[in-house]
Amino acid sequence: MRIPCVDAGLISPLVQLLTSKDQEVLLQTGRALGNICYDSHEGRSAVDQAGGAQIVIDHLRSLCSITDPANEKLLTVFCGMLMNYSNENDSLQAQLINMGVIPTLVKLLGIHCQNAALTEMCLVAFGNLAELESSKEQFASTNIAEELVRLFKKQIEHDKREMIFEVLAPLAENDAIKLQLVEAGLVECLLEIVQQKVDSDKEDDIAELKTASDLMVLLLLGDESMQKLFEGGKGNVFQRVLSWIPSNNHQLQLAGALAIANFARNDGNCIHMVDNGIVEKLMDLLDRHVEDGNVTVQHAALSALRNLAIPVVNKAKMLSAGVTEAVLKFLKSEMPPVQFKLLGTLRMLIDAQAEAAEQLGKNVKLVERLVEWCEAKDHAGVMGESNRLLSALIRHSKSKDVIKTIVQSGGIKHLVTMATSEHVIMQNEALVALALIAALELGTAEKDLESAKLVQILHRLLADERSAPEIKYNSMVLICALMGSESLHKEVQDLAFLDVVSKLCSHENKSVAQQASLTEQRLTVDS
């Protein structure tokens, strides 16, 4: 029936009826247009061309403050008509946002929150509009957070709360709105739900517990909202979240560990938490998930430990608490997300910690696993982190034994490949590690460096104008170190490095130019 209405030219006259002063006419016209727009591209397009949406929004604005039942019925119909008009259509939703529908609907919700049908319409409309990125700024300029929290506190029914959750989740992706929701008291509501539902085995309660704790973690992703809730580590919210970690509920363990990872986003918080025993709690949690454990919990706990290990003062404390041993229990994991976080945690822990780097670098099982993961082409993150840890073991330990272990495990070729990475930081880490290998154990690594075609790669890096100054500098340092090997020395001579290096003597970067002069002298003397 909808397309014949459009073809018969009925839309324009119907839209004109929206200017009537008769409430019944407006009601029936709103219903008719809502039906025509329902799931019909042609119907929506015709209403759009006739300017129907703007007229309806103007009506909502002017009738917003009138609370008699007849008016609320009309407002409900108009909201429904706009939903049918814009449902699952981003461009029409964006049009409504530009017309200022959001502040109007927020005001409507505040005034008519006692009217269940109208409230429901507003919530569905918010749910649709909140998915659009362009809506967030408008929502943030209203008091939507206060209205939703106030409404949430009054709801007892699961379905109604679920409806509000569906609006809160997309809105809470915006940092300004996160803070508004925290200030409006949403967190207290969420903690109450967790407390009420934690021991229930009803499906609805389990679902609501998950939604509430997930939303809690999302609110902590904003820097301001997170810091407000941390309250110097003394806050009620932080303490409650801590109590989730030792619980027997996997969802709460997960949310607790993720929350700690989010709190651990600045040095001050990390130092406070480590000094107050959080590491032991996370290690206990990991211990409960070693054999056939919950992968998401493993991943979350490792994420938290990785973040906590970033401040320099925390590293030695975490090492002496036994974090490396706890993390290494997951070395046999076949789950890439767990592997990725495990590698990142170890890399953070050994940064500038020579003894720990040497201890780990001589661990044959670990090094063999790293070499294996360096070939995990399906998982770029795991592959990259394995390479970076391999390099870090050498750079931070500067140990001959570590280098020998890595050579024996077949790790050299991966470090050479890493020198060609598209990421400058990884290239640099590889070149520094290779220079240490050449300086400390060139005889042991010589054959592997040859078969990995290191000299050819260095020639390419120096000749490439796009190579960063630090890459050129470290490549030349490495060339000089390789001259101690007869076979590699010969490769350097055969590739006419002098030409490339001479050009770099006039490089705009002083360090590169100086290193080029030194390298040129070395190549000339040894030629």
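The numbers attached to residues start from 1 for each chain and follow its sequence in the written order. Where local features are concerned, this predicted model is filtered to residues with pLDDT of at least 70; where side-chain atom pairs are given and counted, the filter is 80 or more; whole-chain, interface and lining totals use all residues. Hydrogens and water are ignored here; the side-chain numbers use all heavy atoms of the structure.

**Remarks on the packing of helix 18 (residues 250-263) against helix 20 (residues 278-287)**
Line of reasoning, step 1. Where helix 18 meets helix 20, the axes come as close as 12 Å, and the angle between the chain directions of the two elements is 145°. Considering how the two elements wind past one another, helix 18 and helix 20 form a crossing that is left-handed. Side by side, helix 18 and helix 20 meet where Gln-253, Ala-257 and Ile-260 of the first sit next to Ile-278, Leu-282 and Leu-285 of the second.
Line of reasoning, step 2. Its residues assigned to classes, the contact of helix 18 with helix 20 comprises five nonpolar, one polar and no charged. For helices, the fitted axis covers only the stretch in contact; all axes are lines through C-alpha atoms, and the angles between them, taken along N-to-C directions, range from 0 to 180 degrees. The helix count covers DSSP runs of H or I at least four residues long, the strand count covers runs of E at least two residues long, and both are numbered beginning at the N terminus. If you view the pair so one helix is near and one far, a crossing is left-handed when the near helix is turned anticlockwise from the far one by less than a right angle, and right-handed when it is turned clockwise. Working rule for contacts: check all heavy atoms of both residues, and any pair within 4.5 Å makes them a contact. Basically, the charged four are Asp, Glu, Lys and Arg, the nonpolar ten are Ala, Val, Leu, Ile, Met, Phe, Trp, Tyr, Cys and Pro, and anything else, Gly included, counts as polar.

**Description of the confidence of the model for the protein chain**
In low-pLDDT segments, the atomic positions of the prediction should not be examined closely.
Line of reasoning, step 1. Counting all residues, the mean pLDDT for the protein chain is 91, and 98% of those residues have values of 70 or more.
Line of reasoning, step 2. No element of the protein chain has a lower mean pLDDT than helix 1 (residues 2-7), which averages 59, and none a higher one than helix 28 (residues 400-408), which averages 97. Values of pLDDT, ranging from 0 to 100, describe the predictor's confidence in every residue of the model.

**Some words on the packing of aromatic side chains**
Line of reasoning, step 1. Pairing of aromatic side chains here covers Phe, Tyr and the six-membered ring of Trp, requires ring centres within 6.5 Å, and sorts the geometry by plane angle: under 30 degrees stacked, over 60 edge-to-face, intermediate tilted. Counted by the stated rule, this structure contains five aromatic pairs.
Line of reasoning, step 2. Plain terms: the ring middles of Phe-230 and Phe-238 are 4.9 Å apart, the flat faces sit at 65° to each other, and that makes the pair edge-to-face.
Line of reasoning, step 3. Accessible area is worked out with a 1.4 Å probe on protein chains only. A residue is then buried under 20% of its type maximum, exposed over 50%, and partly exposed in between. Taking the relative accessible area as the measure of exposure, Phe-238 reaches 4% and is therefore buried.
Line of reasoning, step 4. Relative to Phe-263, the ring of Phe-230 has its centre 5.5 Å away and its plane inclined at 45°; by these criteria the two rings are tilted.

**Considerations on a negative patch on the surface**
Line of reasoning, step 1. Only residues whose relative accessible area exceeds 30% and that form no salt bridge are eligible for patches; like-charged ones are grouped when within 9 Å, while nonpolar side chains (Val, Leu, Ile, Met, Phe, Trp, Tyr) are grouped when within 5 Å. Reported accessibility uses the Shrake-Rupley method at a 1.4 Å probe radius. Residues are deemed covered only where the shown protein chains occlude them. When a carboxyl oxygen of Asp or Glu lies within 4 Å of a side-chain nitrogen of Lys or Arg, that pair is called a salt bridge. For this count, His and the chain ends are skipped, Lys and Arg are scored as positive, and Asp and Glu as negative. Each charge is placed at NZ for Lys, CZ for Arg, CG for Asp and CD for Glu. A cluster of acidic residues, Asp-159, Glu-162, Glu-166, Glu-203 and Asp-204, forms a negative patch on the protein surface.
Line of reasoning, step 2. Counting only elements with at least two residues in the negative patch, the list comes to helix 12 (158-171) and helix 15 (203-219).
Line of reasoning, step 3. When residues of the negative patch are assigned to their parent elements, the largest contribution, three residues, is made by helix 12.
Line of reasoning, step 4. Tracing the sequence through the fold places Glu-203 in helix 15.

**Quick look at the environment of Gly-256**
Line of reasoning, step 1. Considering the arrangement of structural elements, one finds Gly-256 in helix 18.
Line of reasoning, step 2. Judged by its relative accessible area of 0%, Gly-256 is buried.
Line of reasoning, step 3. Sequence separation of Gly-256 and Glu-441 is 185 residues, and the distance between their C-alpha atoms is 46 Å.
Line of reasoning, step 4. Residue contacts for Gly-256: discarding those within four places in its chain leaves Val-241, Trp-244 and Ile-245.

**Regarding the pattern of salt bridges**
Line of reasoning, step 1. Scanning the entire structure with this criterion turns up 22 salt bridges.
Line of reasoning, step 2. We note a salt bridge from Lys-136 to Glu-173, for which the minimum N-O separation is 3.9 Å. Here the residue Lys-136 occupies a position in helix 10 (residues 133-140), and Glu-173 occupies one in the loop between helix 12 and helix 13 (175-183), the gap between them amounting to 37 residues.
Line of reasoning, step 3. Since its relative accessible area comes to 2%, Lys-136 is described here as buried.
Line of reasoning, step 4. Linking Arg-369 and Glu-372 is a salt bridge whose minimum nitrogen-to-oxygen distance equals 2.7 Å. Of this pair, Arg-369 and Glu-372 both sit in helix 26 (residues 364-373), separated by three residues, roughly a single helical turn.
Line of reasoning, step 5. Overall, Arg-369 belongs to the buried group, its relative accessible area being 9%.
Line of reasoning, step 6. A relative accessible area of 46% places Glu-372 in the partly exposed class.
Line of reasoning, step 7. Here the residues in one salt-bridge network are Glu-133, Lys-136 and Glu-173, joined through shared partners.

**Examining the UniProt feature "repeat: ARM" (unreviewed entry) in the protein chain**
Line of reasoning, step 1. UniProt positions are given in the numbering used here, feature names are shortened, and annotations may be inferred rather than shown by experiment. UniProt records the feature "repeat: ARM" (unreviewed entry) for residues 9-51 and 277-309 in the present numbering.
Line of reasoning, step 2. Spanning residues 277-309, this segment combines 73% helix with 0% strand, and its end C-alpha atoms are found 14 Å apart.

**Description of the packing of helix 10 against helix 13**
Line of reasoning, step 1. Where helix 10 contacts helix 13, the two axes come as close as 9 Å, and the packing angle between them is 40°. One way to sum up the angle between helix 10 and helix 13 is to call them oblique. When the axes of helix 10 and helix 13 are compared, the crossing they make is left-handed. Between helix 10 and helix 13, the residues in contact are Lys-136, Phe-139 and Ala-140 and Ala-176, Ile-177 and Gln-180, respectively.
Line of reasoning, step 2. Of the residues that constitute the contact of helix 10 with helix 13, the class distribution is four nonpolar, one polar and one charged. Any angle that is under 35 degrees is reported as roughly parallel, and any over 145 degrees as roughly antiparallel; angles of 65 to 115 degrees are reported as roughly perpendicular and all others as oblique.

**Here we look at the state of the cysteines**
Line of reasoning, step 1. When two cysteine sulfur atoms lie within 2.5 Å, the pair is treated as a disulfide. The final tally for this structure, using the stated rule, is zero disulfides.
Line of reasoning, step 2. Lacking any disulfide linkage, Cys-189 is separated from the closest cysteine sulfur, that of Cys-113, by 15 Å.

**As for the domain arrangement of the protein chain**
Line of reasoning, step 1. Each domain span listed reflects an automatic or database assignment of domains. Annotation of the protein chain at the domain level lists domain 1 (236-352), domain 2 (365-442) and domain 3 (453-526).
Line of reasoning, step 2. Centre-to-centre separation of domain 1 and domain 2, based on C-alpha positions: 25 Å.
Line of reasoning, step 3. On the side of domain 2, 15 residues touch domain 1, which itself brings 16 residues to the contact.
Line of reasoning, step 4. Buried area, as used here, totals the accessible surface that two parts lose on assembly, with accessibility defined by a 1.4 Å probe and the loss added over both. On the domain 1 side of the contact with domain 2, Leu-331, Leu-343 and Arg-347 bury the most area, a combined 46% of that side's loss.
Line of reasoning, step 5. Our enumeration of links across domain 1 and domain 2 arrives at two salt bridges.
Line of reasoning, step 6. The partner of Arg-347 in a salt bridge is Glu-385, and the shortest N-O contact between them spans 2.9 Å.
Line of reasoning, step 7. Any pair of nitrogen or oxygen atoms within 3.5 Å is treated as a polar contact; in protein, a donor-acceptor pairing is required on top of that, and neighbouring residues in sequence qualify only through side-chain atoms on both sides. On inspection of domain 1 and its partner domain 2, the count reaches seven residue pairs in polar contact (both at pLDDT 80 or more).
Line of reasoning, step 8. Per-element tally for the side of domain 1 that touches domain 2: the top contributor is helix 24 (residues 336-350), with nine residues.
Line of reasoning, step 9. Its residues assigned to classes, the side of domain 1 that touches domain 2 comprises nine nonpolar, three polar and four charged.

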